[in-house]
Every structure is written in structure tokens, then in C-alpha cells.
Amino acid sequence: MQIPALLSSAQLLTLMRFIQEARHIVLCAHRFPDGDALGSSLGLADYLRSLKKDVQVVMPNNYADFLRWMPGIKSVLLYEERPVEAAELIHKADLVFMLDFSEMSRLQDMATAFEGIKAKRVMLDHHLNPDPNMADLMVSVPEACSTSEIVFRVISELGGYDALSRSGAACLYTGMMTDTGGFTYASTRPEIYQIICELLRKGIDKDRIYRHVFHNYSPHRLQFVGYVLSQKTQFYEHNRAAIMTITREEMKRYKYLRGDAEGLVNMPLQVKGLRVVISLREDTEKEAVRVSLRSVDDFPCNEMAAQFFNGGGHRNASGGELPFPLSEAMLTAERAIKAYADLL
């Protein structure tokens, strides 16, 4: 079975022309870049460098500590640390790839650096309802498990599989793995596993990658997880929904590193019959509460995120943001559960 093509003939020709004509290329992804944002960016950068292009990955801000092992990550430029240099690179670029986000607001402060740029823009993303005016070429595939899957398929359609290195393949596999929770959700389509086979042919060690991502925390993180699950998680509607809360003081107490909350919102879903989990975490950089939602089966946490948490996302994995304080956010989360009680 051949992996289906993503690009139309017109899209493929346009993308080939954009790349051929470009001398300076910038790749960027959303604020608080996760494994897929970094994996898709670093994997695509690896391929573009094989074409002898000048390539720079620019991210709005820093990433989780457990992703620091990724090949090529030391070359990533952070806008929050070097905004002038990052803006100059973006304005110098002939071509910009916008990966794993579908609206400019996901860049937050870095969005201003794109005002008035002359570069062609290409969006590769798998989120719902993309801004139709965001890019000159838009490849939006909501059914894809990750943007890294999309990048692999695009590289292959460009005839670039042979040029993809083992390091690039490892980055793309990391993006696919992290955006599916180790291939435990959003990963039932057969082509996902065909892509994994092709990445394995590049010599990647998928077991080692798994350990790098999921077994790469401090003892403080393990204690933090135990505390949140035992003391800060409440169950509702006959154990069909759960809310967990995390304060700045608690993060400080457990020597929190960026990324230590990764995957925590999924853990209550191990309770039999649980349908949705809402995580409320105080932002460490501004007066806001960051919201993460996870669900199983047909429970639409993306609709709940849009209705109650100023957010959105996928059906089973979404996010949002609420104003301070955490106590008010907790009341909002409880109202959301009551409003969706008939689906629980």
C-alpha cells in the first residue's frame, strides 16, 4: 500500500518553485514549542539544508527540558532571548515555513516580526480551522496525527526521502510519537505505521528516542506528579470527568522545569470510565491560567475549549487560557463539566 499523496500537482509545483528560488529560509512554530513543533521544524530544516539552502529555525520562546537532546536543537534561535536578531532573519528570508500552528496569534509577541515581510509563506499544519489568509501556500491536514507526519509526506513527495538524514528522521519520529502519546491516540491510520517503517530504514533507534522523551525527568518531577495526582485532582460526574490544578508556589516547591507537566493531564484517563480531564495551571510569566484538556472516544474537548476556555484544538486534545485567579478558573471548569454532563 502506497502512502497517499497530500499535495495536488499545483501545490507540489508551487512548493518546488518556492524552495528553488529561495536563498534564505526561516522555519518557525508556535509559542511553547512541543515535540511536534520542534520535530517537524528540525526535520524539515535537515532536508532543506541537504539542498544547500541557508536555513534557520526560530521559535518564539524556550522548549521543554526533556527535548534538549534532539539533533540540531542547539541551532534553534529563541525570539524571547534575541528578538532583534530573530526579526532581522525573518525579514531577510525569501521563504518562511510556518509549522504546527494555524493562526498568527499562536506566535504571540513574535507575530510582530512578520509584519511587512516580503518572503513567501508556507503553512504545514494539522489543526482545525486555519486562518485562510495566513500563507501563500497552505497544507492543512486535520486528520494527520502530527505536523511531523505532514512534513515527512511533503519531503517524500518532493523526492527528498533519500536526502533525509538519520538525525532528521529522528526528529520527525519524535514529533509523531509525542503528538500521539507514544502512538496511543490519534494514530489508527495505516499510513502512520508505513511512515514509521520508512523512518526506521534511516537507522533511527525508536526505543532510545522513547527513553529520551518519556524517561528523562528529575526526581522532583516524579514527586510533583505524585503530589498533583493525589492532592490536586478532583473527580466529577461519577468519575467521568476530572479537574487538576497547579499553582506557581507548587511548581517552585518541586523545582519545576519547563516540560515537567507534560503528559500529566493524560494520567487521570487511566480511571475506568473517565471521559475528560481539565488541567488548570498558573502561568509563570503572566497573570493567566493555562488550560489543557484531554478526552477519549467521541467527547469533543475542542468544543469545550472554545466555549469555556478561549481555546480550541483537536477533538481529544485541546487547550486554552483563562484570566487569573485560579479559583475563578476552577469555577469555570466546573461549569463546563456541568454543561457537558449529557455527553459524559
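All residue numbers refer to positions counted from 1 along the written sequence of the respective chain. In keeping with the predicted nature of the model, local features appear solely for residues at pLDDT of at least 70, side-chain atom pairs appear and are counted solely at 80 or more, and the whole-chain, interface and lining totals rest on all residues. To get the side-chain values, all heavy atoms of the structure are used, and hydrogens and water are removed first.

Participant: Now, about the environment of L257: what can you tell me, with residues and values included?
Facilitator: Helix numbering and strand numbering both begin at the N terminus, where a helix is a DSSP run of H or I of at least 4 residues and a strand a DSSP run of E of at least 2. Along the polypeptide, L257 turns up in the loop between α9 (248-253) and β9 (276-282). Sequence separation of L257 and A93 is 164 residues, and the distance between their C-alpha atoms is 33 Å.

Participant: Help me get a handle on the packing of helix α2 (residues 35-50) against helix α4 (residues 147-157), residues and values and all.
Facilitator: Here, axes are lines fitted to C-alpha atoms. For helices the fit covers the stretch in contact, and angles between N-to-C directions go from 0 to 180 degrees. At their nearest, the axes of α2 and α4 sit 8 Å apart, and the two run at 15° to each other. On the basis of their axis angle, the class for α2 and α4 is roughly parallel. As for how α2 packs across α4, the hand of that crossing is right-handed. Contact residues: α2 offers D36, G39, S40, G43, L44 and Y47, while α4 offers T147, S148, V151 and I155. Basically, the charged four are Asp, Glu, Lys and Arg, the nonpolar ten are Ala, Val, Leu, Ile, Met, Phe, Trp, Tyr, Cys and Pro, and anything else, Gly included, counts as polar. Class assignment for the residues of the contact of α2 with α4 results in 4 nonpolar, 5 polar and 1 charged. Should an angle fall under 35 degrees it is called roughly parallel, over 145 degrees roughly antiparallel, and 65 to 115 degrees roughly perpendicular, with every other angle called oblique. Note on convention: near helix rotated counterclockwise from far helix by under a right angle means a left-handed crossing. Clockwise means right-handed. Whether two residues are in contact is decided by their heavy atoms, any of which lying within 4.5 Å being enough.

Participant: Please set out the pairing of strand β10 (residues 288-295) residue by residue, giving values where relevant.
Facilitator: The classification of residues rests on relative accessible area computed with a 1.4 Å probe and restricted to protein chains. Under 20% of the type maximum is buried, over 50% is exposed, and intermediate values are partly exposed. A large share of β10 lies buried, amounting to 6 of its 8 residues. The pairing criterion is simple: DSSP has to find at least two bridges between the two strands. In this antiparallel pair of consecutive strands, β9 and β10, the connection spans 5 residues. In this structure, β10 lies alongside strand β12 (residues 317-323), joined through 7 bridges in antiparallel fashion. Bridging across to β12, S292 finds its partner in G319.

Participant: Please set out the state of the cysteines residue by residue, giving values where relevant.
Facilitator: Two cysteine sulfurs form what is called a disulfide whenever their separation falls within 2.5 Å. The tally for this structure, following the rule as stated, stands at 0 disulfides. Looking at the unpaired C171, the closest cysteine sulfur is the one in C145, lying at 15 Å. With relative accessibility at 1%, the residue C171 sits in the buried group. Here C301 is not disulfide-linked; the sulfur of C145 is the nearest cysteine sulfur, at 17 Å. For C301, a relative accessible area of 0% gives the class buried.

Participant: Describe in detail α2, supporting the description with residues and values.
Facilitator: By this rule, a helix spans an expected 1.5 Å times one less than how many residues it contains. Between its first and last C-alpha, α2 extends 22 Å over 16 residues, near the 22 Å set by a 1.5 Å rise per residue. Here α2 lies mainly inside the structure; 14 of its 16 residues are buried. Remark: K52 follows α2 within two positions and exhibits a positive phi of approximately 65°.

Participant: Got a sec to walk through the sheet that holds β10? Specific residues and values, please.
Facilitator: An order of β7-β8-β9-β10-β12-β11 is seen for the 6 strands of this open sheet, with the pairing classed as mixed. Looking along the sheet, the strands with just one partner apiece sit at the ends: β7 (233-236) and β11 (312-313). Looking at chain direction, β11 and β12 are connected through 2 bridges and run antiparallel. Bridge pairing links G312 to G319 in β12. Its contacts with the sheet put helix α8 (residues 219-231) on β7 and β8 (241-246), and the angle it makes with β8 is roughly 130°.

Participant: Quick one: what's the story with the nonpolar core, residue by residue and with numbers?
Facilitator: Residues L15, L27, L44, L48, F97, L124 and L199 are the most contacted members of the largest nonpolar core, which totals 59 residues. Residues within four places of L15 in sequence aside, it is in contact with L7, F97, V122, L137, V154 and L158. Working definition of a nonpolar core: buried Ala, Val, Leu, Ile, Met, Phe, Trp, Tyr and Cys residues. They are joined through side-chain atoms within 4.5 Å.

Participant: Help me get a handle on the packing of α2 against helix α5 (residues 166-178), residues and values and all.
Facilitator: Closest axis-to-axis distance for the α2/α5 pair is 7 Å, and the angle between their directions is 155°. Classified by the angle between their axes, α2 and α5 sit roughly antiparallel to one another. Taken as a pair, α2 and α5 cross one another with a handedness that is left-handed. On the side of α2, the interface is formed by G35, D36, G39, S40, L42, G43 and D46, while α5 contributes G168, C171, L172, T174, G175 and T178. Here the contact of α2 with α5 is composed, by residue class, of 3 nonpolar, 8 polar and 2 charged.

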